[in-house]
Amino acid sequence: MRSCLRLLVVSVVALIALSISSAAAAPLPQSQGLQSSDLSRLRSAGAVELSPDGRRIAYSVTMFDQPGRPYSQIWIMDLATQKSARLGSEKERTGGPKWSSDGKWLAYFGGEGEKAGLTLAQADGSGATFLTQVSGSNSPLPGQGSSVAWSPDSKQIAFISSTPGPETAEAGGDPMVITRYLYKPTAGEGMTRFNDNRRLHIFVVDVATHQARQLTQGTYDEHSVDWSPDGKEILFVSNREPDSDEFFNYDVFALRVADGAIRRLTATENNEYAPRWSPDGKTIAYAATKRGLTDRETTMEDEHVWLMDADGSHRREIGAVIDNRQSHPQWSPEGNAVYFTVQERGSTHLVRLPVSGGQPEIVVKDLGFVGGWSVGKGGTVAYGFATPRDLPELYVKTGATAPRKLTDLNAEVLAGKQIAEVEPFTFISNDNKFEVEAFLTKPLGMAANSKHPLIVNIHGGPHGQNGPAFSFRDQVFAARGWAVLHVNFRGSTGYGQKFADAVFGDQNGNEGQDVLYGVSAALRRYLWIDRERLGIEGVSYGGQLTDWLITQTNEFKAAVPIAGIANLVSYNYMTYYNQYEEMEFGQFLHQGNLMDVAWERSALKHVAAVHTPTMLMHGENDNDVPIAEAEQFYIALKDVGVDTIFVRYPREGHGLAEVKHGIDSIDRSIAWYEKHFPRPGTEGVTNTQP
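Residues numbered from 1 in each chain as written. Predicted model: local features only at pLDDT ≥ 70, side-chain atom pairs only at ≥ 80, totals over all residues. Heavy atoms only, no water.

> Quick question: what am I supposed to make of the overall build of the protein here?
Along its length, the protein carries eleven helices and 35 strands. Against the 2.2 N^0.38 benchmark of 26 Å for 690 residues, the protein shows a C-alpha radius of gyration of 25 Å, consistent with a compact globule. A principal-axis box enclosing the C-alpha atoms of the protein has dimensions of 80 × 60 × 50 Å. Expressed as a percentage of the 690 residues in the protein, the buried residues total 61%. Taking the intrachain contacts of the protein between residues at least 6 apart in sequence as the baseline, contacts between residues at least 24 apart amount to 60%. For the protein, the computed accessible surface area is about 25400 Å², with 50% contributed by carbon and sulfur atoms. Taking the average location of the 64 positive side-chain charges in the protein and that of its 82 negative ones, the two points are 5 Å from each other. (Helix = DSSP H or I, 4+ residues; strand = E, 2+ residues; numbered from the N terminus. Rg over C-alpha atoms; globule rule 2.2 N^0.38 Å. Buried < 20%, exposed > 50% of the residue type's maximum accessible area, 1.4 Å probe, protein only. Contact = heavy atoms within 4.5 Å. Areas by Shrake-Rupley, 256 points an atom, 1.4 Å probe, with all protein chains shown as cover. Lys, Arg positive; Asp, Glu negative; His and termini not counted. Charge placed at Lys NZ, Arg CZ, Asp CG, Glu CD.)

If you want it as structure tokens, here you go:
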């Protein structure tokens, strides 16, 4: 079940290589470069909440120091002294901090054992009091807004919790009886193969009495709450379609606290996300798409920021001034602007946009990505930021002043370590339609005549992006003298809607050629890359493209597809988000000749062309890309006679969450690439592609 803490789960598939002759750079001593075991020592800033008076920041720190899944802990920093105090015990899991309207209290999810749920602490972190238990759900839901909202008088807290649905008993019985279309759990759950059929509802707890009451009921999910400034209503998002499992269409509603009456604010064909009241209660900001066909997991259309009046009228897309993917918005305390993040060319920036019109202001525009962030008075923002040299750290910035770094969580781990440079370059696509950007992590220890292996790492989505921000995987490669190439192929985000749309109806097509053209460009421009020692890998869609590309070229000496799709037809009917292929191709597979097209674009159909040694990795309980995708490809590769092994990880969903599994995947990948790369200087020239 999805934890109420909503902890950060990080999928780490890190790769290391060993160079073994004088013609190649020798691995750096352990003190100079990152090793796979360093993963368990890293920490990362997550959620960020600036107190209403601007004196304190509550922030979460993600820990990797246990063999299981990463967990988060909340700290409160006094900005005057820059000293932090942790909430809870040394190993207690805490998350989701939310300041009260008056700034005197901090609500968060915490507790130990069975007594876990909504907890309350004083502003300095002292006097923690357990308020009420909270239940989650493993149902695959869209990107959600806040699960906690304080009343404006700071006397009540609205929160999201789950109750059993009408299918829960039968679907959990012996035998299990499946009646829902959406009967599988969310991507990262990893513990089961089935939806728990619970529904998320809105509850309110009284701070003084600790008494909680349920405000919504029924078979729909309600989430993404925000309490109105006048205290009368709570905004939320819900899918009220007749068959909400099949038709992905979330709208905005307002719940009257006094009597539970609900009014609908949007009734569109598209999706709305994470609504927020303006400080004066007259306007609502939210994120939304415009197309009628989107998906609960990965969306081809970029979300933009919208405004509407409090009664649902006068909807306008103010985010249209920026042609890139945008996050859920937050209001400035003054109510004259909204803030949101924007993906752009491999980085994620923080933007301020005046609601009255005008040009957007990029508040944080450094190379890297903004994670959690919070807005205070006078243009003050607190945020987590990942630079090219470190995982997200906590920063604060006011107006045009330079940002101030408040934490150095990995100082001990990174002390004395060399961090590799990440260099961007662009090239023209095979069909001359696009300029495509790639990011190359250069190896450490380069010498005048040294030659270095290259691993091509393909991002997932396909509507996502890679960039210059710190990557543990890449840095471990670099420390071993290996380079890593990331290509933001067509379909990637951060390059405008036209570029994201360019993969429509063309999976395993020209976006795959973008990757191969990126490899070709890198080989021609960086003569120190050893074209005889090329590897390829990726997770999710990156795993799918890895499967596909080894049926199209033999230039890679080894491949590591992770959670990849090998058969677009079987995948469509096994995944938990069944609208995905419909969105990507524009119709259901059973319509027209799309079934034939999907099979033609499946790696499994072309497996006889594979000669690349392949190590498949997959989570046992992956419901995003079910493990049957790897099972099919593994047997097919065996039938063809390809050197292949299949690594299955228990308790894992989509990608690898457990720290020990992340380290294991690094070490296995080292061995696989090292086994199949020829010794430098002994190979013949065989790779002349593309």
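Still to come is the rest of the account.
> What am I meant to see in the sheet that holds strand S4 (residues 83-86) here?
Strands in a sheet are paired, the pairing made by backbone hydrogen bonds, and the direction either parallel or antiparallel. Pairing in this open sheet of four strands is antiparallel, and the strands run S1-S2-S3-S4 from one edge to the other. Where the open sheet ends on each side, the last strands, each with one partner, are strand S1 (43-50) and S4. Across the sheet, the mean angle separating the axes of adjacent strands is 30° when strand polarity is ignored. Pairing analysis gives four bridges linking strand S3 (residues 71-78) to S4, with the strands arranged antiparallel. Bridge assignment links Ile76 to a residue of S4, and that residue is Ala85. (Pairing = 2+ DSSP bridges. Axes fitted to C-alpha atoms, helices over the stretch in contact; angles between N-to-C directions.)

> What's the story with the pairing of strand S32 (residues 529-539) in this structure? I'm lost.
It is a general feature of regular strands that their side chains alternate between the two faces of the sheet. With nine of its eleven residues buried, S32 lies for the most part within the structure. Pairing of strand S30 (residues 452-458) with S32 involves six bridges; the strand directions are parallel. Paired with Ile455 across the two strands is Gly535, which belongs to S32. Bridging between S32 and strand S33 (residues 558-562) involves five bridges; their strand directions are parallel.

> Looking at this structure, I do not really get the packing of aromatic side chains. What am I missing?
For the structure on display, the rule yields 21 aromatic pairs. Relative to Tyr395, the ring of Tyr383 has its centre 5.6 Å away and its plane inclined at 10°; by these criteria the two rings are stacked. You can see Tyr383 sitting in strand S25 (residues 380-387) and its partner Tyr395 sitting in strand S26 (residues 390-398), a full twelve residues away along the chain. Tyr395 matches Tyr383 in its accessibility class, with the two residues each being buried. Residues Phe477 and Trp482 carry aromatic rings whose centres are separated by 5.5 Å and whose planes lie at 25° to one another, so their mutual orientation is stacked. Overall, the relative accessible area of 0% leaves Phe477 in the buried class. (Phe/Tyr/Trp six-rings, centres within 6.5 Å; stacked < 30°, edge-to-face > 60°.)

> Looking at this model, I keep getting lost on the pairing of strand S24 (residues 369-375). Mind explaining?
Taken together, the five bridges between S24 and S25 define a ladder with antiparallel strand orientation. Of the residues in S25, the one forming a bridge with Trp373 is Tyr383. Where S24 folds back onto S25 in an antiparallel hairpin, the turn is made up of four residues, including Gly378, whose phi is positive at roughly 65°.

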